[in-house]
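Fold and contact review
What follows is the residue order along each chain.
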Amino acid sequence: MSRMSRTDRPYDLVLFGATGFVGTLTAHYLAAHAPRDLRWAVAGRDEGRLERLREDLPGGADVAVLRADVTEPATLRALAEHARVVATTVGPYVLYGEELVAACADTGADYLDLTGEPEFVDLMYVRHDARARETGARLVHACGFDSVPHDLGAYFTVRQLPEGVPLTVDGYVTADAAFSGGTLASALNQMARGRRMLAAARERARHEPRLPGRRVTAPAGTPRYAAEVGAWALPLPTIDPRIVRRSARALERYGPDFRYRHYAAVRRLPVALGGVAAVGAVAAAAQLPPVRRWLSDRLKPGDGPSARKRAESWFSVRFVGEGGGRRVLTEVAGGDPGYDETAKMFAEAALCLAFDDLPPTAGQVTTAQAMGDALTERLRAAGITFRVAARR
Ligand SMILES: NC(=O)c1ccc[n+]([C@@H]2O[C@H](COP(=O)([O-])OP(=O)(O)OC[C@H]3O[C@@H](n4cnc5c(N)ncnc54)[C@H](OP(=O)(O)O)[C@@H]3O)[C@@H](O)[C@H]2O)c1
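This part covers the site of the ligand. For the ligand, the set of nearby residues contains 28 residues, the closest of which are Thr-19, Phe-21, Arg-45, Ser-180 and Ser-186. Burial of the ligand by the surrounding chains reaches 91%, relative to a free accessible area of 930 Å². Elements that contribute at least two residues to the shell around the ligand include exactly helix 1 (21-33) and helix 8 (181-191). Examining the composition of the shell around the ligand, we find that three residues originate from one element, helix 8, more than from any other.

Set out below in structure tokens:
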């Protein structure tokens, strides 16, 4: 199916999960910032709540309401058939996400989500990448704080370095923020599925074509003091380094031999050690179903940090890139990473897929691969910093 044949669909963009915490923020962002002629709809399982959301949107936004439920696959198929782009916040994605990916891959609709779950991304690659390539659908996972600043930041850093030479990039994440019930549920669920995550990664590796003539790695790295950023660096095994690695595999610009390492940057050693201990304790506790339920009950789905807390929150990701005798320090920075900025990144990525002149891609693709410069420019215009801090 050509992309042209999708222009006769009634909606440019459908936002599924619009009544959730990030869904509501995303709907408000779109109502305030999308082009006036955007043909869009909010979708979810409760029509009454969708109607109330629509009434609350600023500027009397002209938006349709669609009912869809992950337990009724026909309703998801209808969303995909009626939209050029479907953006979903309905997670944990490994539990609720696959039917919509399948429907988008099959009908040629572009798809984006907010997953930070490597198992889900790997399984969707194995099961739906081939069909999406046939129909022309772009399946773009991790379009929030996981992994846009890291993926586009590494891409931005690479573009400051010489072409055709081996390159290394190290990313250092610092943030001050709180999280939502939906994020907690997804994180606990992922922590309890370690074996299944490894199995999915192995299955993906069996399907992924080899990379002839180029080498791309994302090793875990070791804890150390990183003088280049003046902080303790702790390896951060999130989905982000996997996404950066996939962008580097897809794009020749990352050079013949590319290595990316991903760290949390913490100024004081006791804080660093305390953080490692706390994450280890939660990961261990998440293996026990009753403890996992207790932890999950601390913050219900739909709950999240207040507007005041979000206004005080911020993030900064610094990158040190080297290669061809050059070294560059760059930064991607913004406000509340998990929610306000995630909603912005998610909405801008959806608009980017719908309207921008992008390189021809299809199948499972990353933000850098599908939208690189166009999405970077959109985010800059929307107030997220991408800058070169130093070079030599
Ligand atoms: N990448 C990132 O950086 C990032 C940042 C934030 C969040 N996230 C992820 O984004 C997801 C959403 O987070 P959140 O805080 O917005 O969570 P949330 O408030 O719990 O929202 C989840 C949404 O899923 C919907 N839903 C649940 N079951 C459904 C069903 N059977 N059919 C249709 N819809 C259903 C909910 O509908 P109702 O409104 O009707 O309950 C709600 O709209 C989570 O997976 C989270 O981990 C990622």
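Turning to the domain arrangement of the protein chain, a few remarks are in order. Taken domain by domain, the protein chain consists of domain 1 (3-145 + 342-376) and domain 2 (148-337 + 384-391). Using only C-alpha atoms to locate each centre, domain 1 and domain 2 end up separated by 23 Å. Contacts between the two partners involve 31 residues from domain 1 and, on the opposite side, 42 residues from domain 2. Between domain 1 and domain 2, the buried area comes to about 3200 Å², and carbon and sulfur atoms account for 65% of it. When the area that domain 1 buries against domain 2 is broken down by residue, the three leading residues are Phe-21, Glu-119 and Phe-145, summing to 23%. Note that Glu-119 and Arg-193 form a salt bridge whose closest N and O atoms lie 2.8 Å from each other. The interface formed by domain 1 and domain 2 holds twelve residue pairs in polar contact (both at pLDDT 80 or more) in total. A class-by-class count of the residues in the side of domain 1 that touches domain 2 yields 16 nonpolar, ten polar and five charged.

So, about helix 5 (residues 98-107). When we look at burial in helix 5, the residues that qualify are Leu-100, Val-101, Ala-103, Cys-104, Ala-105 and Thr-107. Each element contacted by the buried residues of helix 5 is listed here: strand 1 (11-16), helix 3 (73-82), strand 4 (83-88), strand 5 (110-113), helix 6 (118-135) and strand 6 (138-140). A positive backbone phi angle near 80 degrees is found at Gly-108, which sits one or two residues after helix 5.

Turning our eyes to something else, we now look at the side chain of Arg-310. Relative to the helices and strands, Arg-310 resides in helix 13 (residues 307-312). A distance of 2.8 Å separates polar atoms of two side chains, one belonging to Arg-310 and the other to Asp-340. Beyond its immediate chain neighbours, meaning those up to four positions away, Arg-310 contacts Phe-21, Leu-25, Pro-305, Asp-336, Tyr-339 and Asp-340.

Within the open sheet, the seven strands sit side by side as 3-2-1-4-5-6-14. Their pairing is parallel. Unpaired on one side and paired on the other, strand 3 (63-67) and strand 14 (363-365) mark the two borders of the sheet. Direction aside, neighbouring strands of the sheet carry axes that sit 20 degrees apart on average. Pairing of strand 1 with strand 2 (residues 40-44), which is carried by four bridges, proceeds in the parallel orientation. Paired with Val-14 across the strands is Ala-41, a residue of strand 2. Across the sheet, helix 3 lies against strand 1, strand 2, strand 3 and strand 4, angled at about 130 degrees from strand 4, the strand it touches most.

The next point concerns unusual backbone geometry. Cis rather than trans, the peptide bond between Gly-91 and Pro-92 has omega equal to 0 degrees. Mapped onto the elements of the fold, Pro-92 is located in the loop between strand 4 and helix 4 (93-96). Cis peptide bonds are those with omega within 30 degrees of zero, and the linkage from Asp-146 to Ser-147 qualifies with 0 degrees. In this structure, Ser-147 sits in the loop between strand 6 and helix 7 (148-158).

Attention shifts here to the packing of aromatic side chains. When we look at a pair of aromatic rings, we describe it by the centre distance and by the angle of the planes. Overall, the coordinates contain seven aromatic pairs when judged by the stated rule. Between Tyr-93 and Phe-120, the ring centres sit 5.7 Å apart and the planes meet at 35 degrees, which makes this aromatic pair tilted. Remark: Phe-120 occurs in helix 6 and Tyr-93 occurs in helix 4; sequence separation between them is 27 residues. Each of the two residues, Tyr-93 as well as Phe-120, counts as buried. Here Tyr-172 and Tyr-263 contribute two aromatic rings whose centre-to-centre distance is 5.3 Å and whose plane-to-plane angle is 10 degrees, an arrangement assigned as stacked. Highlighted residues: Tyr-172 in strand 7 (residues 167-176) and Tyr-263 in strand 11 (residues 257-266), separated in sequence by 91 residues. This pair shows no difference in class: Tyr-172 is buried, exactly as Tyr-263 is. The positively charged end of Arg-204 is found above the aromatic ring belonging to Tyr-125, 4.1 Å away from the centroid.

What counts, and at which threshold
The residue count restarts for each chain, going from 1 along the sequence in the order it is written. Local features in a predicted model are, by the rule used here, given only for residues with pLDDT of at least 70; side-chain atom pairs are given and counted only at 80 or more, and totals for whole chains, interfaces and linings are based on all residues. Calculation of side-chain values draws on the structure's entire complement of heavy atoms; hydrogens and water are dropped beforehand. Whether a residue is near a molecule or strand depends on its heavy atoms: it is near if one of them lies within 4 Å of it. The Shrake-Rupley method, run with a 1.4 Å probe sphere, supplies the accessible areas, and residue values consider only the shown protein chains as cover. Think of it this way: any DSSP run of H or I at least four residues long counts as a helix, any run of E at least two long counts as a strand, and we number them from the N terminus. Domains are outlined according to an automatic or database domain assignment. When checking whether two residues touch, look at their non-hydrogen atoms; a contact exists if any pair is within 4.5 Å. Summed over both partners, the accessible area lost on bringing two parts together, with a 1.4 Å probe, is the buried area. Just to be clear on terms, a salt bridge is a Lys or Arg side-chain nitrogen sitting within 4 Å of an Asp or Glu carboxyl oxygen. Any N or O atom pair separated by 3.5 Å or less is treated as a polar contact, with the protein-specific requirement of one donor-capable and one acceptor-capable atom, and with residues adjacent in sequence counted only for side-chain atom pairs. For this classification, Asp, Glu, Lys and Arg are treated as charged, while Ala, Val, Leu, Ile, Met, Phe, Trp, Tyr, Cys and Pro are nonpolar and the rest, including Gly, are polar. For each residue, the accessible area found with a 1.4 Å probe, counting protein chains only, is set against the maximum for its type, and the residue is called buried under 20%, exposed over 50%, and partly exposed in between. We treat two strands as partners when DSSP finds at least two bridges between them. In this analysis an axis means a line fitted to C-alpha atoms, helices contributing only their contacting stretch, and an angle means the value between N-to-C directions, from 0 to 180 degrees. Any two rings among Phe, Tyr and Trp, with Trp reduced to its six-membered ring, count as a pair given centres within 6.5 Å; such a pair is stacked if its planes are under 30 degrees apart, edge-to-face if over 60, and tilted if neither. For a ring to carry a charge above it, either NZ of a lysine or CZ of an arginine must fall within 6 Å of the ring centroid while also lying within 35 degrees of the normal to the ring plane.

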